[in-house]
Amino acid sequence: MKSQLIVLGSAVAAVLAANACPPSDCSKAPLKNNKICDRSLTPTERAAALVAAMTRDEKIVNLVSKSPGVSRLGLNCYNWWNEALHGVAGAPGIDFDGEFKTATSFPMPLLMAAAFDDDLIFQIASIIGQEARAFGNNGKSGLDYWTPNVNPFRDPRWGRGSETPGEDVARVNGYTEAFVRAMEGNKTERQIIITCKHYAGYDLEAWGGVDRHNFNAKITMQELAEYYMPPFRVCARDMNVGSFMCSYNAVNGVPSCGSKYLLQTILREHWNWTSHNNYITSDCEGVADLSRGHKFSPNLAAGTAAAFNAGMDNSCEYSGGSSDIKGAVNSGALSEATMNRALTRQYEGLVRAGYFDGSASQYASLGASHVNTDAAKKLALQAVVDSVVLLKNDGTLPLKLKAGAKIAMLGFWADDKTKLRGGYSGPPPYLITPVQAAKDMGFSVITTSSKELGVLIDAVNKSDVVIYFGGLDTSAAAEGKDRTNIGPPSDQTNVVTRLSNLDKPLILVQLGDQVDNTVFLRNQKVRGILWANWPGQEGGSGIMQLITGKKAPAGRLPVTQYPNGYTSLAMTDMNLRPNATTKNPGRTYMWYPDAVQPFGFGLHYTTFSAEFSSSFPESLAISDLVACTGQKYLDKCPLPDLAIRIKNTGNVTSDYSALVFVSSADAGPTPRPIKQLATYGRLRDIPPGQADGKEIVLKWTLANLARTDTNGNMVLYPGTYNLTLDVGGLASRKLALTGEEAVLDRWPQA
């Protein structure tokens with residue numbers, strides 16, 4: 001989708017307002033005379049009745065994202081394109097106006113994922129879902145939202161990586177489940193319709209003469225099933241999410257939106273994503289890619305037919321012309337029965353969200369008073385505090401500053417509100433910069449927007465301490481733009497190096513995606529480094545609470561920090577496993593051993609000790625594990641709870657994010673991953689000196705120990721598994737699985 005439209009937020013609100021459509025009204029004729037309004041019927045029957053009343057031409061024009069409706073039936077226009085990645089965001093279907101001029105802006109998903117706390121994600125998504133439904137109830141948006149982005153962050157250069165929960169499948173899966181569950185709500189009716197995107201293998205914008213509209217992602221069956229697809233399995237099979245979005249790229253020669261293997265064989269058949277007749281939208285203008293980008297179809301009409309026949313149900317379009325539905329129908333390639341199927345799926349989605357039920361809807365009470373609540377503002381701040389990652393500290397942090405202390409706050413986003421939100425954002429009620437937060441805390445702030453070294457040096461000389469706000473903004477990485485360099489900007493490196501030599505304590509706070517911090521980690525005069533990604537409306541407040549010690553950091557990197565030389569690997573190489581012939585050194589922490597700072601890294605203001613519970617078994621029989629009851633799918637069978645006792649051995653009360661990794665030297669086929677995340681959770685407010693500390697009990701399933709064979713089958717292998725807590729190995733123990741290997745999931749072949 002076009003990032004230019006989405007990022008601007010309030011700047012495009014006036015333009016988007018004309019695109020808002022009021023909800024269709026079942027209390028008035030002629031719509032009330034159609035059985036779409038009969039709440040005694042099933043959702044499928046209601047949707048089918050509406051579709052049956054449409055003429056062929058009316059069906060044709062309503063298969064696109066900006067559906068005009070059918071005035072003679074009383075069916076209003078409806079814009080299916082709404083966004084809420086980390087808060088209700090600018091999109092063609094959303095009207096920021098009147099009592100709905102703003103919405104809560106949380107940090108970008110990559111930063112929220114760094115908290116490693118799915119309860120936090122659930123709380124955040126509950127707020128976003130509530131606000132989104134309030135917009136929809138009042139005609140300011142539709143009831144379907146095209147979020148979340150659950151593509152794993154495979155390559156550090158990807159421009160949209162910060163939209164995702166990171167590089168690890170277990171982390172992405174946990175985030176996805178919590179997010180979807182909260183957004184769609186806990187009633188029989190959906191609070192809003194969530195769309196998991198981008199299905200599948202999408203993680204390239206433009207690199208080396210290839211772009212997302214013509215890229216063919218060549219993925220082995222093993223890594224497709226093991227890495228690229230599991231988050232979508234969570235959406236479809238485990239959560240029965242309301243909608244999917246097929247991606248621009250092709251997978252193994254077939255465009256995703258025209259792939260019967262992806263849309264039918266895997267999604268609807270293997271994962272049983274059929275119980276609610278859920279719908280699939282294309283990415284915007286993606287239907288045109290079948291003929292124009294991938295040359296898969298001879299013309300636009302043929303490509304349109306191929307997409308709908310494969311199982312897609314709606315063509316997202318900017319202004320029309322990226323599909324030829326009428327041409328596809330007239331050619332005989334697209335049948336009326338297929339149009340009926342697609343439209344029924346779309347409108348059944350709206351029925352299941354109470355769109356046609358007015359005040360009888362289970363979520364009808366949500367309105368303007370449920371947007372920008374005090375609870376939402378408090379949670380936006382907590383999300384920053386819980387998620388920011390401390391990457392370096394020589395003991396200078398937290399800063400021990402008295403009221404009136406002079407702080408030089410320099411760098412491009414120290415006092416620039418426009419830099420805090422990241423992509424796919426809407427207008428927030430406010431944005432607090434670090435400078436504003438520092439002033440509110442009673443400090444004397446010395447700041448400047450000048451980049452001249454002399455001006456910066458003068459500011460440093462007048463201060464007690466220096467905080468430099470560097471990193472990247474959305475001009476470096478965004479939708480449509482991948483990075484070519486993953487080192488820090490050279491001008492920032494030069495400035496920080498010069499300022500660090502002025503004998504004032506210097507702290508670096510980085511915005512945006514990860515960069516190779518080697519130069520700053522080696523510079524002993526850079527006393528501390530914090531990574532803040534894009535922190536949202538409370539960004540400045542959260543950062544200053546951490547820097548001053550009002551709160552303690554406990555975030556962990558949800559991605560690997562790679563050395564700058566890693567960019568010699570082609571972005572188009574989708575393989576994760578190292579390959580000497582292709583000079584692929586391996587991707588993600590599971591296969592790449594030479595990180596500058598690894599996935600899961602994060603420092604604290606205190607120290608911890610830990611111990612696995614002695615009650616956890618040393619050996620388990622595979623035959624017993626797969627004999628579990630109450631689970632339809634073997635990979636969901638539970639393993640015994642993993643209890644770990646954490647003690648704070650320092651002197652600062654702090655949270656602790658427990659990450660348990662698993663590795664094995666003998667289980668399953670070679671090559672074997674270095675390690676992989678098995679389970680995680682977060683303990684809060686562990687006080688120092690408490691003799692017993694606090695215990696965390698982690699849940700996990702057979703999927704967390706399973707491997708994937710070359711055919712894509714998920715297999716539980718016998719062998720010895722090493723369980724390790726934390727990146728540095730704070731505690732460890734062994735677990736033996738005995739007996740014969742067991743196939744947990746047999747992957748369909750293309």
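Preceding block: the structure.
About the criteria used
Residues numbered from 1 in each chain as written. Predicted model: local features only at pLDDT ≥ 70, side-chain atom pairs only at ≥ 80, totals over all residues. Heavy atoms only, no water. Salt bridge = Lys/Arg side-chain N within 4 Å of Asp/Glu carboxyl O. Helix = DSSP H or I, 4+ residues; strand = E, 2+ residues; numbered from the N terminus. Buried < 20%, exposed > 50% of the residue type's maximum accessible area, 1.4 Å probe, protein only. Polar contact = N/O pair within 3.5 Å; in protein donor to acceptor, adjacent residues only side chain to side chain. Contact = heavy atoms within 4.5 Å. Disulfide = S-S within 2.5 Å. Pairing = 2+ DSSP bridges. Axes fitted to C-alpha atoms, helices over the stretch in contact; angles between N-to-C directions.

Concerning the pattern of salt bridges
In step 1: Enumeration according to the criterion identifies 38 salt bridges in this entry.
In step 2: Measuring nitrogen to oxygen at the nearest pair gives 3.3 Å for the salt bridge that ties lysine 197 to glutamate 83. Highlighted residues: lysine 197 in strand 4 (residues 193–199) and glutamate 83 in the loop between strand 2 (78–79) and helix 5 (109–113), separated in sequence by 114 residues. Judged on exposure class, the residue lysine 197 and its partner glutamate 83 are both buried.
In step 3: Two residues, arginine 212 and glutamate 205, come together in a salt bridge whose shortest N-O distance is 3.2 Å.
In step 4: Among the residues examined, glutamate 205 registers a relative accessible area of 2% and is labelled buried.
In step 5: Here the residues in one salt-bridge network are Asp117, Asp386, Asp655, Arg682 and Arg684, joined through shared partners.

Side note on unusual backbone geometry
In step 1: A cis geometry characterises the amide bond from tyrosine 199 onward to alanine 200, with omega recorded as 10 degrees.
In step 2: As for its position among the elements, alanine 200 is in the loop between strand 4 and strand 5 (206–207).
In step 3: Of note, the bond from threonine 670 into proline 671 is cis; its omega dihedral lies within 30 degrees of zero at -5 degrees.
In step 4: The topology assignment puts proline 671 in the loop between strand 21 (654–663) and strand 22 (676–686).
In step 5: Of note in this structure, asparagine 277 is not a glycine but carries a positive phi near 55 degrees.
In step 6: Note on placement: asparagine 277 falls in the loop between helix 10 (260–270) and strand 11 (279–282).

Re the side chain of asparagine 62
In step 1: Among the structural elements, asparagine 62 can be located in the loop between helix 4 (56–61) and strand 1 (66–67).
In step 2: The exposure class of asparagine 62 is buried, given its relative accessible area of 0%.
In step 3: Polar side-chain contacts of asparagine 62 include one of 2.8 Å to the backbone nitrogen of glycine 69.
In step 4: Leave out the neighbours within four places in its chain, and asparagine 62 touches Ser67, Pro68, Gly69, Val70, Leu343, Gln346 and Tyr347.

Thoughts on the state of the cysteines
In step 1: According to the stated counting rule, one finds six disulfides in the structure shown.
In step 2: Each sulfur in the disulfide pair cysteine 26 and cysteine 37 lies 1.9 Å from the other. Around the S-S axis, the bridge from cysteine 26 to cysteine 37 shows a dihedral of about -80 degrees and counts as left-handed. Separated by 11 residues along the polypeptide, cysteine 26 in the loop between helix 2 (13–17) and helix 3 (43–52) and cysteine 37 in the loop between helix 2 and helix 3 bring together distant segments of the chain.
In step 3: According to the relative accessible area criterion, cysteine 26 is buried, its value standing at 15%.
In step 4: Residue class for cysteine 37 comes out buried when judged on its relative accessible area of 17%.
In step 5: Each sulfur of the disulfide joining cysteine 246 and cysteine 257 lies 2.1 Å from the other. Between cysteine 246 and cysteine 257, the disulfide has an S-S torsion of 105 degrees and is therefore right-handed.

Quick notes on the sheet that holds strand 17 (residues 526–533)
In step 1: Strands sit in the order 12-17-16-15-13-14 across an open sheet of six strands; the sheet is mixed. If you trace the sheet from one side to the other, it starts and ends with strand 12 (389–393) and strand 14 (444–447), each paired once. With direction set aside, neighbouring strand axes in the sheet form an average angle of 20 degrees.
In step 2: As judged from the six bridges shared by strand 15 (residues 465–471) and strand 16 (residues 506–511), these two strands associate in the parallel manner. Residue pairing across strands places glycine 470 opposite glutamine 510, the latter belonging to strand 16.
In step 3: Those strands touched by helix 17 (residues 453–461) are strand 13 (406–410), strand 14 and strand 15, and its axis lies near 155 degrees from that of strand 13.
In step 4: Contacts from helix 20 (residues 539–547) reach strand 13, strand 15, strand 16 and strand 17, with the element oriented near 135 degrees to strand 15.

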